[in-house]
Amino acid sequence: WLGGILGAYGIYQFVSPPPWDVAWVNNTNINSIGVAQPFGLRVFSTLNSPGTASFFFTFVLLLGLHRLRLRKPWALLPVAASIAALALTNVRSSRLAHAVGVVVYLTLSPRRGSAGAALAILSVMTVVVGLNASTLLGSQDVTTQLVTRLNSLSNVDSDYSLNDRKRESATAMQEGLTEPLGQGLGTVGTATKLSDGGSSTSDQLTLDNGYLSRFVEMGVAGLIGYVLVLAFGVVFCVRALSRAIARRDAPRQEIVVTALCVQVALLGLDLSGDAHSAM
C-alpha cells in the first residue's frame with residue numbers, strides 16, 4: 001500500500017506537477033528528470049530522482065508478489081499504481097530488473113499458480129491502459145513517450161544514454177587497470193558530489209555501474225570481495241530454498257524465493273547503476 005500511495009502521487013505528479021515538485025526540478029539541475037510541466041516529467045514521486053523512484057517501485061512490487069490473489073482484487077490496486085509509476089519513471093533497467101525478478105518468483109514459488117494468474121490479468125490491464133494512456137491522461141504524447149522508450153531497448157545505435165555509458169565504462173575500466181589497488185573510497189558516488197561543492201557535472205558521478213565503481217575505488221581485491229559477498233547472498237538463499245523444499249515448508253519457501261528474486265534484481269541493476277550502494 002505504501003507503493004500504491006507513492007505510485008498514485010507519481011501519476012498525479014506526471015499529469016499536474018505541484019509547485020514544490022516544480023521547484024525541486026528547477027533547482028536540482030538534474031537534466032535527465034525532464035521538464036517541470038504536465039506530461040514533461042520523468043516521475044520521481046516523493047523521492048529525489050526517477051532512478052531512486054524506479055528502484056523503490058521495483059522492490060515494492062517484488063516484495064509484494066506473495067500478496068497477489070485473484071480473490072482479493074483490492075490488493076491489485078496498489079500494484080497497478082506502482083507499475084504505472086514505474087513505467088512513467090522511464091528507467092528501462094528497473095523495468096528489466098522487475099521482469100527478471102518476476103520470472104525467478106514464478107519459477108520457484110510454491111504458489112506460482114495464483115500469483116501468475118493475477119500477474120497475467122495485471123499485464124493485460126497494463127497493456128490496455130498503456131495503449132489508451134493518451135486518452136485517459138489527456139495528452140497525445142504519453143503513449144508515444146512510452147513506446148519510444150521501449151523501442152530504444154532494441155535500437156541501441158541511436159540510444160544516446162547507452163552510448164554514453166559505454167564510453168564512461170571504457171574510461172573507468174582504463175582508470176581501474178592503471179591503479180589496480182584502487183583510487184580510494186570517495187572517488188566515485190555521492191561523496192564526489194559533496195566534495196565538489198554540490199556540482200552534478202563531475203565525470204565520476206555519471207559512472208552508472210556498481211561493479212565498475214567498486215573496481216575504480218577499491219581495485220581488484222575490492223571488486224573480488226564485493227562480488228563474493230553478493231554471490232554468497234545468492235548461495236545462502238539457494239541453500240535455504242533447498243532445505244525448505246525438502247521439508248515441504250511452503251511459508252519458508254515463499255520467504256526465501258522473495259529474497260532471492262530481490263537479490264537477482266539487484267545483481268542486474270548493478271550493471272546500470274550503483275544499486276546496492278544507492279539502496
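Source: prediction; values computed, not measured. As a convention, each chain's residues are numbered from 1 in the sequence order in which they are written. Note on the predicted model: pLDDT of at least 70 is required for a residue's local features to be given, and 80 or more for side-chain atom pairs to be given and counted; whole-chain, interface and lining totals, by contrast, use all residues. Side-chain calculation: all heavy atoms of the structure are included, whereas hydrogens and water are not.

Novice: Tell me about the overall build of the protein, and name the residues and values.
Specialist: Scanning the protein for helices and strands turns up 13 helices and 0 strands. By definition, residues are in contact when any of their heavy atoms lie within 4.5 Å. Long-range contacts, defined as pairs at least 24 residues apart, comprise 67% of the intrachain contacts of the protein with a sequence gap of at least 6. For the area figures, the Shrake-Rupley method with a 1.4 Å probe applies, and any residue is considered shielded solely by the protein chains shown. When the accessible surface of the protein is summed, it comes to about 14800 Å², and 65% of that surface belongs to carbon and sulfur atoms. Secondary structure follows DSSP: runs of H or I at least 4 residues long count as helices, runs of E at least 2 residues long count as strands, and numbering of each begins at the N terminus.

Novice: Which residues make up unusual backbone geometry, and what values do they have?
Specialist: Phi at Asn90 takes a positive value of approximately 60°, unusual for a residue other than glycine. Topologically, Asn90 is positioned in the loop between helix H4 (76-88) and helix H5 (92-108). Of note in this structure, Arg248 is not a glycine but carries a positive phi near 55°. Assignment of secondary structure puts Arg248 in the loop between helix H11 (210-246) and helix H12 (250-269). Partly exposed residues are those whose accessible area sits between 20% and 50% of the maximum for their type, while under 20% is buried and over 50% is exposed, using a 1.4 Å probe and protein chains only. Given the relative accessible area of 77%, Arg248 is considered exposed.

Novice: I'd like a rundown of the packing of aromatic side chains, residues and numbers included.
Specialist: Between 30 and 60 degrees the pair is tilted, below 30 it is stacked and above 60 it is edge-to-face, where a pair is any two Phe, Tyr or Trp rings, Trp via its six-membered ring, whose centres lie within 6.5 Å. If you walk through the whole model with that rule in mind, you get 5 aromatic pairs. Between Tyr9 and Tyr12, the ring centres sit 6.3 Å apart and the planes meet at 55°, which makes this aromatic pair tilted. Within this pair, Tyr9 and its partner Tyr12 are both found in helix H1 (residues 2-15), separated by 3 residues, close to a single helical turn. Overall, Tyr12 belongs to the partly exposed group, its relative accessible area being 44%. Between Phe14 and Phe39, the ring centres sit 5.6 Å apart and the planes meet at 85°, which makes this aromatic pair edge-to-face. With Phe14 in helix H1 and Phe39 in the loop between helix H2 (19-28) and helix H3 (50-63), this residue pair connects regions lying 25 residues apart in the sequence.

Novice: I'd like a rundown of the side chain of Thr58, residues and numbers included.
Specialist: Within the fold, Thr58 resides in helix H3. Contact partners of Thr58, with chain neighbours within four places excluded, come to Leu86, Ser94 and His98.

Novice: Lay out the side chain of Ser109 with the relevant residues and their values.
Specialist: Structurally, Ser109 can be placed in the loop between H5 and helix H6 (112-131). At 2.9 Å, the side chain of Ser109 and the side chain of Glu254 are in polar contact. Aside from chain neighbours lying at most four places away, what touches Ser109 is Gln253, Glu254 and Val257. Think of a polar contact as two N or O atoms within 3.5 Å of one another; within protein, one of them needs to be a possible hydrogen donor and the other a possible acceptor, and neighboring residues in sequence only count if both atoms come from side chains.

Novice: Break down the nonpolar core for me, with residues and values.
Specialist: Counting residues in each nonpolar core, the largest one holds 34 residues, and the members touching the most others are Phe59, Leu62, Leu65 and Leu68. Mapped by element, the contributors of at least two residues to this core are H3, H4, H5, H6, H11 and H12. Element by element, the count of residues in this core is highest for H12, at 8 residues. We define a nonpolar core as any set of buried Ala, Val, Leu, Ile, Met, Phe, Trp, Tyr and Cys residues linked to one another through side-chain atoms lying within 4.5 Å. In terms of nonpolar packing, the next biggest core, distinct from the first, is built from 5 residues, Ala172, Leu212, Phe215 and Val216 among them.

Novice: Any details on the pattern of salt bridges? Residues and values, ideally.
Specialist: Note on definitions: salt bridges are taken to be side-chain nitrogens of Lys or Arg within 4 Å of carboxyl oxygens of Asp or Glu. One pass over the full model with this rule turns up 1 salt bridge. Notably, a salt bridge pairs Glu217 with Arg214, separated by 2.7 Å at the nearest N-O pair. Remark: Arg214 and Glu217 occur in helix H11; sequence separation between them is 3 residues, near one turn of the helix. In this pair, the class of Glu217 matches that of Arg214, namely buried.

Novice: Report on a nonpolar patch on the surface, specifying residues and quantitative values.
Specialist: What goes into a patch is any residue over 30% in relative accessible area without a salt bridge, connected to like charges within 9 Å or, for nonpolar side chains (Val, Leu, Ile, Met, Phe, Trp, Tyr), within 5 Å. On the surface, a nonpolar cluster with roughly 380 Å² of combined accessible area is contributed by Trp1, Trp74 and Leu77. Note on placement: Trp1 falls in the segment before H1.

Novice: Tell me about a positive patch on the surface, and please be specific about residues and values.
Specialist: A cluster of basic residues, Arg239, Arg243, Arg247 and Arg252, forms a positive patch on the protein surface. With respect to the helices, strands and loops of the structure, Arg252 is situated in helix H12. None of His or the chain ends enter the tally, which takes Lys and Arg as positive and Asp and Glu as negative. We put the charge of a Lys on NZ, of an Arg on CZ, of an Asp on CG and of a Glu on CD.

Novice: Talk me through H11; I want residue IDs and the actual numbers.
Specialist: Here H11 is 37 residues long, yet its end C-alpha atoms lie only 35 Å apart, well below the 54 Å a rise of 1.5 Å per residue gives. Two axes are fitted around each residue, one to the seven residues ending there and one to the seven starting there, and the angle between them is reported as the bend at that residue. The sharpest bend along H11 measures roughly 135° and falls at Met218. Just downstream of H11, Arg248 is the residue with a positive phi angle, here 55°. For a helix, the expected span equals 1.5 Å multiplied by the number of residues minus one.

Novice: Explain the confidence of the model for the protein residue by residue, including any values.
Specialist: Per-residue confidence from the predictor is reported as pLDDT, which spans 0 to 100. A residue-level look at the protein finds 80% of positions with pLDDT of 70 or above and a mean pLDDT of 81. Confidence drops under pLDDT 50 across residues 198-206; counting only partners more than four residues distant or on other chains, this segment forms 16 contacts.

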